[in-house]
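What follows is the residue order along each chain.
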Amino acid sequence: MALTTRFGTLFGLIAIVALFSALSPAGFAQYSNLVNITQQMSLLAIVALGATYVMALAEFDLSVGAVVSWAGILAVTLFGAGWGLPATVLVTLASSFLIGGVSGFMVARFRMPSFIVTLAVGTIVGGATFWLSNGATLFSGIPVPFRDLGRGSLAGIPVLTLWALAMAALTVFVLDHTELGRRIHAIGGNREAARLTGVPIIPNTAWAFALCTLFAGIAGLLLTARLGSAHPTGGTGFLLQAYAAAFLGMTAFRDGEANALGTVLGAAIIAVAANGLTILGVPNYLQDIFTGMIIIAAVLVRNVGRGGE
């Protein structure tokens, strides 16, 4: 594999960091800002890592943004009803896991397009979220120990950054060092060949989708803990950026293959670009244009490294 094919995206991140450091040495090129970037990218990285499981299947789950919102609203609702912290977190994550599991089962059992299934499921979850919250931002009754899950730092490292690192390590382990991960990659590489070699398609697909929405649920809880509130559309912005990060990750380290380290790298590129452009005073709509250009550039770098195949 050509050097540019395997590490071109990483070189791209280094180039972006160098560019913003040169343009704003007093603002961007500071240790405190780099630490801040890791915190800013943490929730995106967690959602994108979840998406990596279904992308390894060569599928998509478009419900992740809705699940992020659902998790926050459900948790605050349960807190308001007098539920304790452990029970609230457990029920919220169980429901998030179940949402993806149902989607994955329908995709595998009935051979339904994941795009359609998860779009429908996401719409249902979004409606349930609005029904539960009456369309309002919820903030009452959130206990301090829960808020601490998304705030503060440990040894100078933001808590959210540590959560993202833990989720990345878990994803690396599952996808690269477990039977489930090998089966997910096998199904994504060639579903029919995997079936003929004895790989159970339905349960493994369901697991991949369930892990995807579980990670979205974790991100939703951490977002709520960070903000001290939950909004029924709070997770909407994560959908496209999470898949952008996961797609960028497929251009890194393993050509065309979804992988956890590549996804984290993709999330870092998006976060660095957003942070640097904000410091330079660039409007949000131009940031979106820049992010899109970064994705196109990553694909071009990969294709050049492969000799334009």
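The structure displayed is predicted, hence computed values, not measured ones.

Trainee: How would you summarise the overall build of the protein if you had to cite specific residues and measurements?
Mentor: If you tally the helices and strands in the protein, you get 13 helices and two strands. Over its C-alpha atoms the protein spans a radius of gyration of 19 Å, differing by no more than 12% from the 19 Å that the globule rule assigns to 309 residues. Reported as C-alpha extents along the three principal axes, the dimensions of the protein are approximately 60 × 55 × 35 Å. Counting every position in the protein, which comprises 309 residues, the buried fraction comes to 48%. Summarising the internal contacts of the protein: among those between residues at least 6 apart in sequence, 77% fall at separations of at least 24. A distance of 4 Å separates the average location of the 13 positive side-chain charges in the protein from that of its 10 negative side-chain charges.

Trainee: Residues and numbers for helix H8 (residues 179-189), please.
Mentor: All buried positions along H8 are accounted for by Leu180, Gly181, Ile184, His185 and Ile187. The buried side chains of H8 occupy one side of the element, clustering within an arc of 160 degrees when seen end-on. Here the buried face of H8 lies against helix H2 (31-56), helix H7 (159-177), helix H9 (191-196) and helix H10 (201-227).

Trainee: Can you break down unusual backbone geometry residue by residue, with the values?
Mentor: Note on backbone geometry: most residues besides glycine have negative phi, and most peptide bonds are trans. For Asn134, which is not glycine, the phi dihedral falls at a positive 60 degrees. Mapped onto the secondary structure, Asn134 falls in the loop between helix H5 (114-133) and helix H6 (144-147).

Trainee: Lay out the packing of aromatic side chains in plain terms, naming residues and giving numbers.
Mentor: Applying the stated criterion across every chain yields a total of six aromatic pairs. Ring centres of Tyr53 and Phe215 lie 5.5 Å apart, and the angle between their planes is 70 degrees; this geometry places the pair in the edge-to-face category. Taken together, the residues Tyr53 in helix H2 and Phe215 in helix H10 connect sequence positions 162 residues apart. Of the two residues, Tyr53 and Phe215, both sit in the buried class.

Trainee: Break down the nonpolar core for me, with residues and values.
Mentor: By size, the foremost hydrophobic cluster in this structure holds 77 residues, and its most contacted members are Ile46, Val47, Tyr53, Val68, Ile184 and Val272. For this core, the leading source of residues is H2, giving 14 residues. Not counting the four nearest positions on each side in its chain, Tyr53 is found in contact with Leu170, Thr171, Val174, Leu175, Ile184, Ala208, Leu211 and Phe215. Ile73, Ala75, Ile142 and Leu221 belong to the second-largest nonpolar core, a separate cluster that totals nine residues.

Reading guide: rules and limits
Numbering of residues starts from 1 in every chain and runs along the sequence as written. For this predicted model, a pLDDT threshold of at least 70 governs which residues receive local features, and a threshold of 80 or more governs which side-chain atom pairs are given and counted, while totals over whole chains, interfaces and linings are taken from all residues. To get the side-chain values, take all heavy atoms of the structure and skip hydrogens and water. Secondary structure elements follow DSSP: runs of H or I of four or more residues count as helices, runs of E of two or more count as strands, with numbering from the N terminus. Note that the radius of gyration is over C-alpha atoms, with the globule rule given as 2.2 Å times the number of residues to the power 0.38. Type-normalised accessible area, obtained with a 1.4 Å probe on protein chains alone, sets the label of each residue: buried when under 20%, exposed when over 50%, and partly exposed for intermediate values. In what follows, a contact means two residues having at least one pair of non-hydrogen atoms within 4.5 Å. Only four residue types enter the tally: Lys and Arg on the positive side, Asp and Glu on the negative side, with His and both chain ends excluded. By convention, the point assigned to a charge is CZ for Arg, NZ for Lys, CD for Glu and CG for Asp. Taking the helix axis as origin, the arc is that swept by the directions to the C-beta atoms. Pairing of aromatic rings covers Phe, Tyr and Trp, the last counted by its six-membered ring, and requires centre-to-centre distances within 6.5 Å; plane angles under 30 degrees mean stacked, over 60 mean edge-to-face, and any other angle means tilted. Only buried Ala, Val, Leu, Ile, Met, Phe, Trp, Tyr and Cys residues count toward a nonpolar core, and they belong to the same one when joined by side-chain atoms within 4.5 Å.

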